[in-house]
Each structure stands twice: as structure tokens, then as C-alpha cells.
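Per-entry structural report
So you can see what is in the structure, the chains are spelled out below.
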Amino acid sequence: MSDDSIVSASAPGKLILLGEHAVVYGKPAIAIAIDKRFECTVFPDYTDTLNGIPIDYEHHPHIKYVVRKNSLANIGVETDSYIPSGSGLGSSGALSSALAAAIREYAGLPFDKKEIAKDAFEAEYYAQGKASPMDTSCCTFGRTVALNYPFDDMNELMTMEKNGKKWSISGSDAPDMTFVIGYTGIKASTTELVAKVKRYTDHSTFASDIVDEIEFVTIEGMKCIKRNDPVGLGKMMTEDHKLLSILGTSCNELNKLVNAALMHSYGAKLTGAGGGGSIVALTDEPEKVCEDIFLHGGLPFIVKPDTVGVRIEEPEQ
Ligand code: PMV
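Computed from a prediction, not measured in an experiment: that's the story for all the values here. (Residues numbered from 1 in each chain as written. Predicted model: local features only at pLDDT ≥ 70, side-chain atom pairs only at ≥ 80, totals over all residues. Heavy atoms only, no water.)

Here we take up the overall build of the chain. On a plain count of helices and strands, the chain comes out with nine helices and 13 strands. Accessible area of the chain: about 13,500 Å², with a carbon and sulfur share of 50%. Each charge class in the chain can be summarised by its mean position, and for the 30 positive and 44 negative side chains these summaries are 5 Å apart. (Helix = DSSP H or I, 4+ residues; strand = E, 2+ residues; numbered from the N terminus. Areas by Shrake-Rupley, 256 points an atom, 1.4 Å probe, with all protein chains shown as cover. Lys, Arg positive; Asp, Glu negative; His and termini not counted. Charge placed at Lys NZ, Arg CZ, Asp CG, Glu CD.)

What follows is the structure in C-alpha cells.
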């Protein structure tokens with residue numbers, strides 16, 4: 001490797017289509033990678049830097065994990081993102097995946113999505129005790145990714161284990177569908193929301209039954225994706241939103257955006273941990289849904305599924 005090597009990699013953000021929170025209890029979940037990417041460039045520097053200034057690793061544990069794991073020093077990292085941070089669209093999963101890919105390439109290791117997915121999940125786990133490898137797997141493999149999917153009509157990509165928990169990760173093509181995101185502008189803590197649901201399920205069989213119902217709508221939703229049925233999938237999404245609301249993960253702002261989006265959508269729901277973040281709507285009238293969301297206080301944008309996952313970017317000439 002020459003001293004002037006500069007390596008860039010990018011990874012897509014993601015939306016969780018169905019199954020968030022239930023996935024923490026071993027149930028299936030489906031995520032779709034989106035056409036908004038996070039890019040990381042790494043290069044030799046006089047000390048470890050982030051976007052031109054010496055990095056404070058206390059505030060950037062993901063980067064610390066990936067750099068230290070590869071025993072690198074004096075490395076500059078530059079980031080460029082089209083994924084709003086805190087929006088529930090996987091900006092930190094995409095950062096971890098893009099950085100893991102760039103650093104592996106920089107260190108002369110082969111491009112291997114399984115290894116990148118592992119590094120990215122470990123970085124997330126180190127940084128925030130992330131409950132499942134959902135985001136990092138989706139940002140790495142791209143297209144449609146399911147965790148704990150119980151049938152054999154998807155490709156099993158890999159399995160992952162952490163602290164006695166095991167996940168199977170499967171992939172399939174990106175659906176030819178259009179989604180609209182509505183960002184509430186509220187940043188919420190995934191860790192706190194996961195803990196809130198745990199308190200509920202620990203004390204209530206009703207809450208555990210809701211988790212089982214989320215499993216049912218997730219599996220039905222996957223069947224709808226396979227037969228390219230947006231009407232059925234939309235119904236499952238809206239149903240999932242109701243179930244997630246019962247678990248206490250929605251909020252007024254999210255409910256308002258879901259109701260607004262439903263005027264011109266097949267279905268809509270919160271996506272990710274909830275408590276703020278974003279909703280996702282499935283529609284074939286994306287401009288109308290954007291307007292509905294905007295008029296109800298959300299920041300809308302249209303997304304199409306990503307088909308590539310993490311990739312090394314060619315250097316600019
Ligand atoms: O907040 P997000 O978008 O990273 O999604 C969290 C999804 C949960 O199922 C709530 C937690 C997890 O780690 O899977």
C-alpha cells in the first residue's frame with residue numbers, strides 16, 4: 001500500500017419495513033436498503049482525524065472500533081452523508097458499513113460483505129449496545145434483508161451471534177415499489193425504546209402477544225412482497241403500526257404523519273425504533289404523499305430500494 005492511498009466506500013441507508021422491536025425477541029423483521037448513501041473516505045494523515053480535525057474518539061465510538069480493530073493509526077476519515085442522522089434511516093449503520101469496507105480495503109483485506117457486516121455490527125454494538133444486526137446487515141448487503149426469516153424461499157446470507165443471541169440473515173431482490181419517508185425531526189434513542197418495550201413484555205403477557213402478532217404481519221408482509229402485492233403489503237404495514245403503537249413506541253407526531261400519509265398510500269407506519277424518527281408509506285402517488293406529510297409538519301422524501309449494498313467507490317479523476 002502506498003502512502004498516498006485514498007480509499008472511499010459507501011453504503012445505503014435502510015428502512016425497516018416490518019418487524020422492528022419484535023426482532024429483539026427473535027422474531028422476523030424485514031428491512032429494505034434505500035437509495036440514500038453514506039460515504040467514507042480514508043487516507044493517511046498526521047494523526048487520527050475526522051473531517052479535517054483530530055478525532056475525539058469518545059464521541060465517535062463506531063470509528064474508534066473499526067480503526068482500532070484493524071490496528072491502524074494516523075488515519076484520516078472523511079464522511080459525506082445523504083441520510084439524515086437520527087431519522088431512523090440507518091445513518092449510523094451505513095457509516096459503520098461504509099467505514100468497515102473502506103478500512104478493510106485500506107488495510108489490504110479482500111472485499112467481503114460478510115466480514116464487513118460483522119465489523120459493522122460489532123462497531124454498532126460497541127457504540128450503542130445495538131440489539132440486533134438489522135441495520136448493519138441491510139446497509140451492507142443492500143436490497144431486501146430479513147432477520148430470523150423462518151422459510152427457505154430467501155437466500156441465507158450468513159448467521160451472526162452475540163452474547164448468546166443468534167440471528168440468521170437472509171436476502172432477496174429489492175421490490176419494485178416506491179416509498180415515501182416522513183421525518184418528524186425528533187431524534188429518539190433506540191436503546192431507551194428497546195428498554196421500554198422490554199419492561200412492558202417482562203410484565204405483561206398482553207405485550208408478548210402483541211410481539212407474536214407483529215411476527216404474523218411480518219410473515220404475511222413478506223408473502224405480499226414475493227407476489228408483488230402492494231395492497232396486501234400496505235395493509236400489513238398499517239396493522240404493524242397499530243401493534244407498535246400498543247407497545248408504546250409511537251408518538252403523536254408519528255401518528256399524525258401516518259394518518260396524513262394514508263390519504264394516498266397503500267399503508268404507512270413508523271419505521272425503526274419510533275418515539276420520533278420517521279414514518280414510511282408505500283404508495284404509487286409519491287408526490288401527493290409528500291405534500292400530505294409536509295402539510296402535517298413532517299419532512300418528506302421519496303425513496304426507491306437500493307440494489308447494491310456497500311461498495312468501494314472509484315477514486316475521482
Ligand atoms: O432505530 P433503528 O432504525 O436503528 O431501529 C431499531 C430497530 C429495533 O428493532 C427497535 C432495535 C434493533 O436493534 O433491531
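Its location among the elements puts Ala11 in strand β1 (residues 7-18). Take Ala11: its relative accessible area is 0%, and that puts it in the buried class. Residues Ala11 and Phe141 lie 130 residues apart in sequence; the distance between their C-alpha atoms is 9.0 Å. In this structure, Ala11 is in contact with Lys36, Arg37, Phe38, Ile83, Ala94, Ser97, Ala98, Cys139 and Val310, ignoring residues within four places of it in sequence. (Buried < 20%, exposed > 50% of the residue type's maximum accessible area, 1.4 Å probe, protein only. Contact = heavy atoms within 4.5 Å.)

How two helices pack is summed up by the angle between their axes together with the distance between the axes. Relative orientation of the contacting elements helix α6 (residues 205-226) and helix α7 (residues 230-246) amounts to 165°, with a least axis distance of 9 Å. The angle between α6 and α7 falls in the class roughly antiparallel. The way α6 lies across α7 gives a crossing that is left-handed. Note on element contacts: α7 touches α6 through Gly232, Leu233, Met236, Glu239, Asp240, Leu243, Leu244 and Ile246, opposite Phe206, Ile210, Glu213, Ile214, Val217, Glu220, Gly221, Cys224 and Ile225. (Axes fitted to C-alpha atoms, helices over the stretch in contact; angles between N-to-C directions. Parallel < 35°, antiparallel > 145°, perpendicular 65-115°, else oblique. Left-handed = near helix turned anticlockwise from the far one by under 90°.)

Turning our attention to the packing of aromatic side chains. Evaluated as defined, the whole model comprises four aromatic pairs. On the basis of an interplanar angle of 70° and a centroid distance of 5.8 Å, the ring pair of Phe121 and Tyr125 is categorised as edge-to-face. Linking Phe121 with Tyr125, this pair stays in helix α3 (residues 113-128), spanning four residues, or about one helical turn. Look at Tyr125 and you get partly exposed, because its relative accessible area is 25%. Geometrically, the ring pair formed by Tyr149 and Phe151 is edge-to-face, given 5.6 Å between the ring centres and 80° between the ring planes. The partly exposed category is assigned to Phe151, whose relative accessible area is 41%. Through a chain of ring-to-ring contacts, the aromatic side chains of Phe121, Tyr125 and Trp167 assemble into a single cluster. A cation sits over an aromatic face here: Lys162 above Tyr125, 4.9 Å from the ring centre. (Phe/Tyr/Trp six-rings, centres within 6.5 Å; stacked < 30°, edge-to-face > 60°. Lys NZ or Arg CZ within 6 Å of the ring centre and 35° of its normal.)

It is worth spelling out the site of the ligand at this point. Not every one of the 15 residues close to the ligand is listed here, only the nearest: Lys14, Lys130, Ser132, Asp135 and Thr190. At 2.6 Å, a side-chain N or O of Ser132 approaches an oxygen atom of the ligand. Contact with the protein chains covers 95% of the free accessible surface of the ligand, which is 380 Å². Given that more than half its atoms are within 2 Å of the pocket grid, the ligand belongs to the largest pocket. (Near = heavy atom within 4 Å. Polar contact = N/O pair within 3.5 Å; in protein donor to acceptor, adjacent residues only side chain to side chain. 1 Å grid on protein atoms, 1.4 Å probe; cavity = no way out; pocket = protein on both sides within 12 Å on 5 of 7 lines; lining within 4 Å. Sits in = over half its atoms within 2 Å of the grid points.)

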